[in-house]
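# Residue-level structure breakdown
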Amino acid sequence: MISQYRVHLQTLVLVIFVVHPSRPVCVDVPSETEAVLGKPMKLTCIFCMKREEVKAKTRVDWYYMPTAAEKDIIPEKTHIYKYEDSNAGEVDGPFKGRLAWSGSQDLQDVSILILNVSYNDSGFYECTVLREFEFGFFTPSFSKTKNITLNVKEQATDDTTAIYSEIMMYVLLVFLTFWLLVEMVYCYRKISKSDEQAQDTATNYLAIPSEQKDNPAAPVTE
């Protein structure tokens, strides 16, 4: 009974540590570079903050540059979206009415969404983020620029990496389930064995004559 109580207590402590709420982690992931005609497309731009408790002013600018028709001609870069002072908005141009903010509340994710993608949306996108931190009279600033090359296709192509990742996820899930089952069987057998030993000890103790219980040094009479 005591061994079962210890096992249940250890399991409860383990569950508390596993289920304990953790802070979200910022991870800088690359953006998708292939869009499907007529579908929405998210342009991912992430600028992680190492000290989230520090206040900062964030300005985000998105630019678009079409693919050059000729090698010697450099296409013009167009300002298409901006975010500043908690206000996000489109800039007059070819993307007017087709862009939407898709960033996070803490402004570590400053992505945008292109609605109803067309072939003319193929090209180069530039995400520029400027942060000004507030440390009293000292206001340092940091900036980051991320470039994305977008290709628009009529139909989506199969992503072999995603397929392999999904297969590995299911294999890992089956392995962890099997490992958990083995651990449960092992713990159950260990508890059963401990209970049997405790019962045998109690049975042997009850079988000892009362005179020997009172005087353990007395010889055993047959």
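Remember, predicted model here, so these are calculated numbers, not experimental data. (Residues numbered from 1 in each chain as written. Predicted model: local features only at pLDDT ≥ 70, side-chain atom pairs only at ≥ 80, totals over all residues. Heavy atoms only, no water.)

## Structural notes on the overall build of the protein chain
Helix and strand counts for the protein chain stand at three helices and nine strands. From first element to last, N terminus to C terminus, the protein chain shows the α and β order α-β-β-β-β-β-β-β-β-β-α-α. Sorting the 222 residues of the protein chain into buried and exposed places 20% on the buried side. Pairs at least 24 apart in sequence give 59% of the contacts found in the protein chain among residues at least 6 apart. Element-wise, carbon and sulfur atoms account for 60% of the exposed surface of the protein chain, whose accessible area totals about 17,100 Å². (Helix = DSSP H or I, 4+ residues; strand = E, 2+ residues; numbered from the N terminus. Buried < 20%, exposed > 50% of the residue type's maximum accessible area, 1.4 Å probe, protein only. Contact = heavy atoms within 4.5 Å. Areas by Shrake-Rupley, 256 points an atom, 1.4 Å probe, with all protein chains shown as cover.)

## Some words on the UniProt feature "transmembrane region" (unreviewed entry) in the protein chain
Within the UniProt annotation, "transmembrane region" (unreviewed entry) is assigned to residues 167-188. The distance separating the terminal C-alpha atoms of residues 167-188 is 32 Å; by composition the span is 100% helix and 0% strand. (UniProt positions renumbered as here; feature names shortened; annotations may be inferred.)

## A short note on the packing of aromatic side chains
Under the criterion given, the structure shown has six aromatic pairs. Ring geometry for Phe133 versus Phe142: centroids 5.7 Å apart, planes at 70 degrees, classification edge-to-face. With a relative accessible area of 13%, Phe133 lands in the buried category. Ring pairs connect the aromatic residues Tyr64, Phe95 and Tyr125, which therefore count as one cluster. If you follow Lys77 out to its NZ or CZ, it ends over the ring of Tyr63, 4.9 Å from the centre. (Phe/Tyr/Trp six-rings, centres within 6.5 Å; stacked < 30°, edge-to-face > 60°. Lys NZ or Arg CZ within 6 Å of the ring centre and 35° of its normal.)

## As for the nonpolar core
Leu43, Trp62, Ile80, Ile114 and Tyr125 are the most contacted members of the largest nonpolar core, which totals 24 residues. When residues of this core are traced back to their parent elements, those giving at least two are β2 (41-43), β3 (56-66), β4 (78-84), β7 (112-114), β8 (123-133) and β9 (141-153). (Core = buried A, V, L, I, M, F, W, Y, C linked by side-chain atoms within 4.5 Å.)

## Quick notes on a nonpolar patch on the surface
Together, Leu172, Phe175, Leu176, Trp179, Leu180 and Met184 make up an exposed nonpolar region whose accessible area comes to about 660 Å². Structurally, Leu176 is set in helix α2 (residues 160-207). (Patch = residues over 30% accessible without salt bridge, like charges linked within 9 Å, V, L, I, M, F, W, Y side chains within 5 Å. Salt bridge = Lys/Arg side-chain N within 4 Å of Asp/Glu carboxyl O.)

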